[in-house]
Amino acid sequence: MPLSPTLPRTAPEALAALQRDHGRALFGFLLGLTGGDAQRAEDLVQETLVRAWQHPEALESAHESMRPWLFTVARRLAIDARRARLSRPLEVDSEGLEQAPSPFDGVSSSVTAIDVRRAVGSLGPEHREVLMQVYFRDRSVAEAAAELGIPAGTVKSRTYYALRALKKDLQGYGLGA
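Residues numbered from 1 in each chain as written. Predicted model: local features only at pLDDT ≥ 70, side-chain atom pairs only at ≥ 80, totals over all residues. Heavy atoms only, no water.

(A) Structural detail: the packing of aromatic side chains. Using the criterion set out here, one finds two aromatic pairs in the structure. Aromatic pair Tyr-160 and Tyr-161: ring centres 4.9 Å apart, planes at 80 degrees, arrangement edge-to-face. Classification of Tyr-160 as partly exposed rests on a relative accessible area of 48%. One Lys or Arg, Arg-9, reaches over the ring of Trp-53 and ends 4.6 Å from the middle of that ring. (Phe/Tyr/Trp six-rings, centres within 6.5 Å; stacked < 30°, edge-to-face > 60°. Buried < 20%, exposed > 50% of the residue type's maximum accessible area, 1.4 Å probe, protein only. Lys NZ or Arg CZ within 6 Å of the ring centre and 35° of its normal.)

As structure tokens, this is what we get:
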């Protein structure tokens, strides 16, 4: 939308004086508000000066300094920019995508499967049989007991001790001891 020639604007000399007198302090203030993001702080300084250019009446006030007005405008712009960023999904650069882990890590899952097989293989045959029935064949305690020809209490006990042994063997997986 083109600017109307009838709108009053701040004179270029006055704008340059604002930049010279308050630019460095304004940048430092905005650097703190943007968490150290110099590019964003520079953009906000520029936007603040655009607002000063659009509102020459602010420069005509009886205040000793324009700094409080500039800092208030800058703070509001920083808040608006932050809200706008938070309302959108995060932007990801192409480098970040290339280095991001694959959602399916075949090597990691293969290593995990090998570790679990080794740990299960290290169990005694009674404990291994119980785990096979209960966890890998998804049988209830009663079904496993009937299949193995042992009491249900024995199935529970062997399952408990087998899982305890697996937790010890697979400590690197965050299962605890």
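Still more to cover.
(B) Examining a nonpolar patch on the surface more closely. Together, Val-107, Val-111 and Tyr-173 make up a nonpolar patch on the protein surface, roughly 270 Å² of accessible area in all. Position of Val-111 relative to the elements: it lies in helix α6 (residues 106-121). You can call Val-111 partly exposed: its relative accessible area is 41%. (Patch = residues over 30% accessible without salt bridge, like charges linked within 9 Å, V, L, I, M, F, W, Y side chains within 5 Å. Areas by Shrake-Rupley, 256 points an atom, 1.4 Å probe, with all protein chains shown as cover. Salt bridge = Lys/Arg side-chain N within 4 Å of Asp/Glu carboxyl O. Helix = DSSP H or I, 4+ residues; strand = E, 2+ residues; numbered from the N terminus.)

(C) Here's a closer look at helix α4 (residues 67-87). Taking 1.5 Å of rise per residue, 21 residues should cover 30 Å, and α4 covers 30 Å from first to last C-alpha, within 8% of that figure. Taken residue by residue, α4 has Leu-70, Val-73, Ala-74, Leu-77 and Ala-78 as its buried positions. Viewed end-on, α4 has its buried residues packed into an arc of 140 degrees, placing them on one side of the element. Residues of α4 that are exposed and point more than 90 degrees away from the buried face comprise Pro-68, Arg-76, Arg-83, Leu-86 and Ser-87. Those residues of α4 hidden inside the fold are in contact with α1 (12-33) and α2 (38-54). (Expected span 1.5 Å × (residues − 1). Arc of directions from axis to C-beta. Contact = heavy atoms within 4.5 Å.)

(D) Expanded view of the packing of helix α7 (residues 125-136) against helix α8 (residues 141-148). At their nearest, the axes of α7 and α8 sit 9 Å apart, and the two run at 135 degrees to each other. Classified by the interaxial angle, the pair formed by α7 and α8 is oblique. Two packed elements cross with a definite hand, and for α7 against α8 that hand is right-handed. Mapping the contact onto sequence places Glu-129, Val-130, Gln-133 and Val-134 in α7 and Ala-144, Glu-147 and Leu-148 in α8. Here the residues of the contact of α7 with α8 sort into four nonpolar, one polar and two charged. (Axes fitted to C-alpha atoms, helices over the stretch in contact; angles between N-to-C directions. Parallel < 35°, antiparallel > 145°, perpendicular 65-115°, else oblique. Left-handed = near helix turned anticlockwise from the far one by under 90°. Nonpolar A, V, L, I, M, F, W, Y, C, P; charged D, E, K, R; others polar.)

Just distances and angles here, no functional claims.
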